[in-house]
Amino acid sequence: MSKRLETEVWSLDTCAGCGLCVAACSKQVLAWAEGDHPVVEKRTKTVGYTKTNFDSCTFCQHFCEEACPRLQRWAPLESRSVLAASARGPVKSGAPNDVIRAILTAGRSSGLLDGVIMLDVNPWSLEPVARVVTTVEEIVSAMGPQYLWAPVFDALNEAVFEGGFQNLAVVATPCAAQAIRKLKSSTNPRLQVYQEVIRLTVAIFCTGIYKPEVVEEVLVKRMDVAPEQVKRLEISPDREWMRAVLWDGSVRTIPRQQAESFTRTGCGSCDDYLGESADIAIGTLGAPEGTSTLIIRSRTGDIFVRNAIQMNLLETTHRVDEAALAAAAEEKDRRARAQAFKDLQILMLDALADPLKRGEAIQQFTRLYRTPVRPGVLKEVRSGCTGC
Ligand code: SF4
Ligand code: SF4
């Protein structure tokens, strides 16, 4: 089985739950079960009268590792422009999902796209689901990402192999955009089919996504809101509150702490709030009331946004509070330090088994935790040091 996923992702609780490893697995031995990450299905072989377990991943090129965004650290793609945007249609609104709707509708209508893989929810139960939407009507009626987790790439093979779509957008969380970036950097010919058809990635700003149980345990039991009443869920950029905007126009808010235990474990070590690997990232942070911030990070993103403006479905201004975005990036540094600590843990475990790695572990530890030492203190330590 994939040792790297096991030791560097799953055992450290950093799995983002994107599902790309499951989609890319050529032997279809990865699957979702209970828990925070996929599992390798155990397969047995009958020899004579006995059944023996065998390694399901023998002779595999480990496509899962080529796809997993958690096996790499990502530098942010540079932003080309930062805009405040609101949708003029199909729904006139500045909410992030309506702005996404405008961009996708324009892309679909002008033939830039023939399908979209998106995080969505069932509007009656709020059950999260990964979906392929293909028509403008489906784009308009989808609720879009609501900070409720489903492995978005569960819909990838349906779109690529059953739907035969050639021009796909992926609308999800920043980690899904990282996964596509990882996939696109692979030189493995088997993954080319995915690389060629995914044209656009759109990521919502994200400080963490919730397990589906949050609907019953928090919305229903603590907020007294029935799932079908909810038009959209919002999370404050500073992680202070969670808000349900209802179809009747009213709003229910609770401190986010009350929902914190339902956040996916892997989000704890995530260092990407602003969709730094996506063609387009979107959220409310930094935007004037009634609009959303769009961070465009690639030429493709630029094309899609210009197309929506030209089709009169989107209007934009430059009035974005970029200092607020910069402050959010600082929060990322805090998380990056947490990740560096986890990397050090792996190295120390390796060093227990491999003496050659001990020097590397000590160097890494020193780099992370070295504090300036006052000369007097240094002298004291030197004089009493036993060389332990
Ligand atoms: S982060 Fe995504 S690709 Fe990596 S192990 Fe988790 S589900 Fe699989
Ligand atoms: S915080 Fe958001 S982007 Fe990061 S792992 Fe969680 S869902 Fe993915």
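Conventions used here
Residues numbered from 1 in each chain as written. Chains lettered and ligands numbered in written order. Predicted model: local features only at pLDDT ≥ 70, side-chain atom pairs only at ≥ 80, totals over all residues. Heavy atoms only, no water. Helix = DSSP H or I, 4+ residues; strand = E, 2+ residues; numbered from the N terminus. Buried < 20%, exposed > 50% of the residue type's maximum accessible area, 1.4 Å probe, protein only. Contact = heavy atoms within 4.5 Å. Areas by Shrake-Rupley, 256 points an atom, 1.4 Å probe, with all protein chains shown as cover. Near = heavy atom within 4 Å. Nonpolar A, V, L, I, M, F, W, Y, C, P; charged D, E, K, R; others polar. Polar contact = N/O pair within 3.5 Å; in protein donor to acceptor, adjacent residues only side chain to side chain. Pairing = 2+ DSSP bridges. Axes fitted to C-alpha atoms, helices over the stretch in contact; angles between N-to-C directions. Disulfide = S-S within 2.5 Å. pLDDT = per-residue confidence, 0-100. Parallel < 35°, antiparallel > 145°, perpendicular 65-115°, else oblique.

A. Summary view of the overall build of the protein. On a plain count of helices and strands, the protein comes out with 13 helices and 15 strands. Counting only residues that meet the buried cut, the protein has 50% of its 388 residues in that class. Residue pairs in contact within the protein that sit at least 24 positions apart in sequence constitute 68% of those at least 6 positions apart. For the protein, the computed accessible surface area is about 19,400 Å², with 52% contributed by carbon and sulfur atoms.

B. Region of interest: the site of ligand 1. Near ligand 1 you find Trp10, Cys15, Ala16, Gly17, Cys18, Gly19, Cys21, Trp32, Pro38, Cys68, Pro69 and Arg70, and these make up its full shell. Here the shell around ligand 1 is built from residues that sort into nine nonpolar, two polar and one charged.

C. Fine view of the side chain of arginine 101. Relative to the helices and strands, arginine 101 is located in helix α4 (residues 96-109). The class of arginine 101 is buried, set by a relative accessible area of 11%. Here aspartate 98 takes part through its side chain, which lies 2.3 Å from a polar atom of the side chain of arginine 101. Aside from chain neighbours lying at most four places away, what touches arginine 101 is Pro90, Val91, Ile139, Val140, Ala142 and Met143.

D. Inspection of the pairing of strand β12 (residues 251-255) at higher detail. In this structure, strand β11 (residues 241-246) lies alongside β12, joined through five bridges in antiparallel fashion. Looking across to β12, one finds that valine 245 is bridged to valine 251.

E. Geometry of the site of ligand 2. Within the structure, ligand 2 sits among Ala16, Arg70, Thr173, Pro174, Cys175, Cys206, Thr207, Gly208, Ile209, Cys267 and Cys270. Split into classes, the residues belonging to the shell around ligand 2 amount to seven nonpolar, three polar and one charged.

F. Inspection of the side chain of serine 86 at higher detail. Mapped onto the fold, serine 86 is located in strand β5 (residues 81-87). Residues contacting serine 86, with those up to four places away along its chain left out, are Ser93, Gly94, Val99, Gly290, Thr291, Leu313, Leu314 and Glu315.

G. The environment of valine 320, seen in detail. Looking at the secondary structure, you find valine 320 in the loop between β15 (314-317) and α11 (322-353). Judged by relative accessible area, which is 12%, valine 320 ranks as buried. In contact with valine 320, not counting residues within four places along its chain, are Val82, Leu83, Ala84, Gly286, Thr293 and Leu325.

H. Local environment of the sheet that holds strand β6 (residues 115-121). As summarised here, the arrangement of the eight strands in space is β7-β6-β8-β9-β13-β14-β5-β15, forming an open sheet in which the pairing is mixed. Strand pairing shows two members of the sheet lacking a second neighbour, β7 (128-133) and β15, which therefore form its edges. The average undirected angle you get between the axes of adjacent strands in this sheet is 25 degrees. Pairing between strand β8 (residues 168-172) and strand β9 (residues 198-204): five bridges, direction parallel. Within β9, the position partnered with leucine 168 by the bridge is isoleucine 198.

I. Region of the structure containing the state of the cysteines. Summed over the entire model, instances satisfying the criterion amount to zero disulfides. The cysteine cysteine 64 is free of any disulfide, with cysteine 60 supplying the nearest cysteine sulfur at 6.4 Å. Taking relative accessible area as the criterion, cysteine 64 reaches 9% and is therefore assigned buried.

J. Here's a closer look at the confidence of the model for the protein. Here the protein shows a mean pLDDT of 89. Residues at 70 or above account for 90%. Segment residues 371-388: pLDDT under 50, and one contact once partners within four positions in sequence are set aside and those in other chains are kept.

K. Structural view of the packing of α4 against helix α10 (residues 299-310). Across the interface, α4 lies against α10 with an axial gap of 8 Å and an inter-helix angle of 90 degrees. Taken as axis vectors, α4 and α10 run roughly perpendicular relative to one another. Each of Ala102, Ile103, Ala106 and Gly107 in α4 lies in contact with α10, whose residues at this interface are Phe304, Val305, Asn307 and Ala308. Taken together, the residues of the contact of α4 with α10 break down into six nonpolar, two polar and no charged.

L. Summary view of the environment of lysine 211. Here lysine 211 shows up in the loop between β9 and α9 (214-220). In the structure, lysine 211 is positioned 63 residues away from leucine 148 in sequence and 6.1 Å away in space, judged by C-alpha atoms. In contact with lysine 211, other than residues within four places in its own chain, are Asp36, Leu148, Ser261, Phe262, Thr263, Arg264 and Thr265.

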